[in-house]
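As a plain string of letters, each chain reads:
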Amino acid sequence: MEETFVLIKPDGIQRKNIGQIIQRLEGKGLQLKAMKMLWLTPPQVEELYPHLKDKEFFPRLTNFMVAAPVIVMVWAGEEAISATRKLLGATNPQEASTGTIRGDWAMAVGANLVHGSDSPATARREIEQFFSQEEIMEYEQAGENWLKEEPWQ
Ligand code: IDP
Ligand code: MG
């Protein structure tokens, strides 16, 4: 089963969107395999966003990401990476569709509530940045066969 890394950003903590964000992912049918709250440091932000460290907005992004605690999670399921990205919506909340997390609850690209991995390689790297193997729970979830193509089998 594919795994993806999701992070609720400081605005999500401050604006009390934690429950709504988790509810969207859980309601879709993804399985929560790991979760913790922590306070990021600037080096951790740079490790999470290596592709952005030369952008002019990176100092502001870093200040934002360390301004309050975050919640980091591992979610799993069929096509979990793309399924999660669809639930998050476009990077710029002004362009994100209604019905997505960013489309429904955010207004600005610099405060877009949530991060989700964009590829299998990125997901692996991001999960390993924040979780040891022992922190990732392997378990059967009641009713999970009802998410499959032929649930009666
Ligand atoms: P993603 O979060 O949708 O994967 P990325 O391009 O990986 O988008 O950018 C990471 C984060 O950096 C975005 O979620 C957003 O918060 C911030 N960011 C991206 N582009 C801009 C920008 O042009 N101005 C300010 N912040 C940006
Ligand atoms: Mg990204």
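Our structure's up above, just so we're on the same page.
For clarity, every value in this text was computed on a predicted model and none was experimentally measured.

1. Some words on the site of ligand 1
Thinking step 1. In the vicinity of ligand 1, the contacting residues are K9, Y49, H51, L52, F57, L61, R85, T91, R102, V109 and N112.
Thinking step 2. Here an oxygen atom of ligand 1 sits 3.1 Å away from a polar atom, N or O, in the side chain of R102.
Thinking step 3. Measuring from an oxygen atom of ligand 1, one finds a side-chain N or O atom of N112 at 2.8 Å.
Thinking step 4. Class assignment of the residues belonging to the shell around ligand 1 gives a composition of 5 nonpolar, 3 polar and 3 charged.

2. Here we look at the pattern of salt bridges
Thinking step 1. Across all of its chains, the model carries 8 salt bridges by this definition.
Thinking step 2. Here R124 ties to E128 by a salt bridge, and the two come within 3.7 Å at their closest N and O atoms. Taken together, the positions of R124 and E128, both in helix α7 (residues 120-130) and 4 residues apart, correspond to about one turn of that helix.
Thinking step 3. Using a relative accessible area of 35% as the deciding quantity, one classes R124 as partly exposed.
Thinking step 4. According to the relative accessible area criterion, E128 is exposed, its value standing at 52%.
Thinking step 5. Within this structure, E3, K33, R124, E128 and E138 form a network of salt bridges that share partners.

Calculation criteria
- Residues numbered from 1 in each chain as written.
- Chains lettered and ligands numbered in written order.
- Predicted model: local features only at pLDDT ≥ 70, side-chain atom pairs only at ≥ 80, totals over all residues.
- Heavy atoms only, no water.
- Near = heavy atom within 4 Å.
- Polar contact = N/O pair within 3.5 Å; in protein donor to acceptor, adjacent residues only side chain to side chain.
- Nonpolar A, V, L, I, M, F, W, Y, C, P; charged D, E, K, R; others polar.
- Salt bridge = Lys/Arg side-chain N within 4 Å of Asp/Glu carboxyl O.
- Helix = DSSP H or I, 4+ residues; strand = E, 2+ residues; numbered from the N terminus.
- Buried < 20%, exposed > 50% of the residue type's maximum accessible area, 1.4 Å probe, protein only.

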